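# A structural walkthrough
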Amino acid sequence: MKIKNLKKIVAKKALKYIPKNKIIGIGTGSTISYFIKYLGKIKNSIQGAVSSSNNTTISLQKNHIPIVKLNDVDYVSIYFDSADEINNNMDMIKGGGAALTQEKIIASASKKFVCMIDHTKQVNVLGNFPLPIEVLPMSYKYVTKELEKLGGIVKIRKNIITDNNNYILDVKNLFIRNPLRLEKKINNIPGVISVGIFSQRKPDILLISTKKSVKTIFSHN
């Protein structure tokens, strides 16, 4: 089965977790694009959506889904997103779409987090997918040197300015055996806005689309 079809299947499966008449959060990426299209067919069942990126906002608008600002609500009932990599402990790498900061904020502000992936995103050890890090433009050279001290091979993502007007650094050669510790360590480098390790805020529910079915895993956090 094509990866595109696996993404569509898991995106449709996630609809069952949408609460009635609540505000939900929505991430960014190709799987989420399918999710938004399906959501558009039942848009009257929710109050609105908090968007994690300009691209997601455009997609929500096309599907006539009301957009709500995070600062205008007390909390978000549930957040829907995908991942670039996820391990068996449900630690993730995110940020392939350069929206990691907003994604992490909304995920943290939400009572529940549903992550939907196809099976190719599962790994034993994080780090094969380059780790995205959002940094202030004035700091990228300094942050690059600090990341190289950790063993990383760092490249600035070309022709990308984030929705927050920052740069993205992509870091290879990090085999992340202790995601929580590395997330905290990189976050403490001056100039780093956000690191694409999601270990402090993991999904509560993980949906995995395989060739045979959609597998559901619940977090034990």
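Note: the structure precedes this text.
Reading the values: rules and limits
The residue numbers shown here count from 1 along each chain, following its written sequence. Reporting in this predicted model follows two pLDDT cut-offs: at least 70 for local features of residues, and 80 or more for side-chain atom pairs to be given and counted; totals over whole chains, interfaces and linings ignore these cut-offs and use all residues. Remark: hydrogens and water are excluded; side-chain values derive from all non-hydrogen atoms of the structure. Only protein chains enter the area calculation, which uses a 1.4 Å probe; residues under 20% of their type maximum are buried, those over 50% are exposed, and those in between are partly exposed. Only DSSP runs of H or I covering at least 4 residues are called helices, and only runs of E covering at least 2 are called strands; the numbering of each starts at the N terminus. A pair of strands is treated as paired once DSSP finds two or more bridges between them. Here, the term right-handed applies to a crossover whose path from the first strand over the helix to the second runs clockwise when the strands point away from the viewer. Each axis is a line fitted through C-alpha atoms, and for a helix only the stretch in contact is used; angles between axes span 0 to 180 degrees, taken between their N-to-C directions. Contact between two residues is taken to exist if any of their heavy atoms lie within 4.5 Å; hydrogens are not considered.

Burial of helix α4 (residues 100-109) is extensive: 7 of the 10 residues sit out of reach of the surface. Within α4, the full set of buried residues consists of L100, T101, Q102, E103, K104, I106 and A107.

Let's shift gears to the environment of K2. Within the secondary structure, K2 sits in the segment before α1 (3-13). For the pair K2 and K211, spaced 209 residues apart in sequence, the C-alpha to C-alpha distance is 9.0 Å.

This part takes up unusual backbone geometry. One non-glycine residue with positive phi stands out, namely N21, at about 55 degrees. By the secondary structure assignment, N21 is in the loop between α1 and β1 (23-26).

Let us look at the pairing of β1. Alternating positions in β1 separate into two faces, I23 and G25 on one and I24 and I26 on the other, with burial throughout. Bridge count for β1 against strand β2 (residues 48-51) is 4 bridges, and the pairing is parallel. Its bridge partner being in β2, I23 is matched across the sheet by G48. With helix α2 (residues 30-40) bridging β1 and its parallel neighbour β2, the resulting β-α-β unit is right-handed. Pairing analysis gives 3 bridges linking β1 to strand β3 (residues 76-81), with the strands arranged parallel. The residue of β3 that forms the bridge with G25 is Y79.

Reading across from one edge, β8-β9-β7-β10 is the order of the 4 strands in this open sheet, with antiparallel pairing throughout. This sheet does not close on itself; its edge strands, each paired only once, are β8 (153-156) and β10 (192-195). Going from strand to strand, the sheet's axes swing by 25 degrees on average, the running direction of each strand aside. As judged from the 5 bridges shared by strand β7 (residues 131-135) and strand β9 (residues 167-172), these two strands associate in the antiparallel manner. If you follow P132 over to β9, its bridge partner there is D170. Along the sheet, α4 makes contact with β7, β9 and β10, crossing β10 at roughly 65 degrees. Sitting on the sheet, helix α6 (residues 179-187) is in contact with β7 and β10, with an inclination near 165 degrees to β10.

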